Amino acid sequence: MRIRCKVWIETDEGKPIISEGKYRLLKEVEKLGSIKTASEKLGLTYKRAHSQIKAIERNLGKKIVIAQRGKGAFLTQEGRDLISFYEDVLNRFKDLCKGL
């Protein structure tokens, strides 16, 4: 047997901010410099990827991705901080599960 869990972060009001799928999307945008290329790699439509990013920004109240037509996309400092925070939380959960 093994223990499994899903980790996501919400606002105090229960609005979702980031989950594993959105985390992967942000990491790919950071790595590839493009929402379109990141969405293709993850098997998402551009529209779906873009709407996920906008939902994060709306629920968080901060801009996390800057996209410029013809120049690509990059994470803001808030975006980088968010994925770093998510990684930290995820690693803590993994460590907790190893100890059980």
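Residues numbered from 1 in each chain as written. Predicted model: local features only at pLDDT ≥ 70, side-chain atom pairs only at ≥ 80, totals over all residues. Heavy atoms only, no water.

## Thoughts on the environment of Glu57
For step 1, the next point in the chain: Mapped onto the fold, Glu57 is located in helix α3 (residues 46–60).
For step 2, the next point in the chain: Residue classification places Glu57 among the buried positions, given a relative accessible area of 8%.
For step 3, the next point in the chain: Spatially, the C-alpha atoms of Glu57 and Lys94 are 27 Å apart, while their sequence positions differ by 37 residues.
For step 4, the next point in the chain: Those residues within four positions of Glu57 in sequence are excluded, and the remaining contacts are Lys62, Lys63, Ile64 and Val65. (Helix = DSSP H or I, 4+ residues; strand = E, 2+ residues; numbered from the N terminus. Buried < 20%, exposed > 50% of the residue type's maximum accessible area, 1.4 Å probe, protein only. Contact = heavy atoms within 4.5 Å.)

## Examining a nonpolar patch on the surface
For step 1, the next point in the chain: Side chains of Ile3, Phe93, Leu96 and Leu100 sit close together on the surface and give an oily, nonpolar patch of about 430 Å² of accessible area.
For step 2, the next point in the chain: One can find Leu96 in helix α4 (residues 77–98).
For step 3, the next point in the chain: A residue is classified by how much of its surface remains accessible, and Leu96, at 51% relative accessible area, is exposed. (Patch = residues over 30% accessible without salt bridge, like charges linked within 9 Å, V, L, I, M, F, W, Y side chains within 5 Å. Areas by Shrake-Rupley, 256 points an atom, 1.4 Å probe, with all protein chains shown as cover. Salt bridge = Lys/Arg side-chain N within 4 Å of Asp/Glu carboxyl O.)

## Looking at the pairing of strand β3 (residues 65–68)
For step 1, the next point in the chain: Bridging between β3 and strand β4 (residues 72–75) involves four bridges; their strand directions are antiparallel. The partner of Val65 across the bridge, within β4, is Leu75.
For step 2, the next point in the chain: Where β3 hands over to β4, the hairpin turn is made up of three residues, of which Gly70 adopts a positive phi near 80°. (Pairing = 2+ DSSP bridges.)

## Examining the nonpolar core
For step 1, the next point in the chain: Ranked by size, the top nonpolar core spans 21 residues in total, and within it Ile18, Leu26, Val29, Ile35, Ile53 and Val65 carry the most contacts.
For step 2, the next point in the chain: Counting only elements with at least two residues in this core, the list comes to β2 (16–18), α1 (20–32), α2 (35–42), α3, β4 and α4.
For step 3, the next point in the chain: Once residues within four sequence positions are removed from consideration, Val29 is found in contact with Ser34, Ile35, Ala38, Ile53, Val65, Ala73 and Leu75. (Core = buried A, V, L, I, M, F, W, Y, C linked by side-chain atoms within 4.5 Å.)

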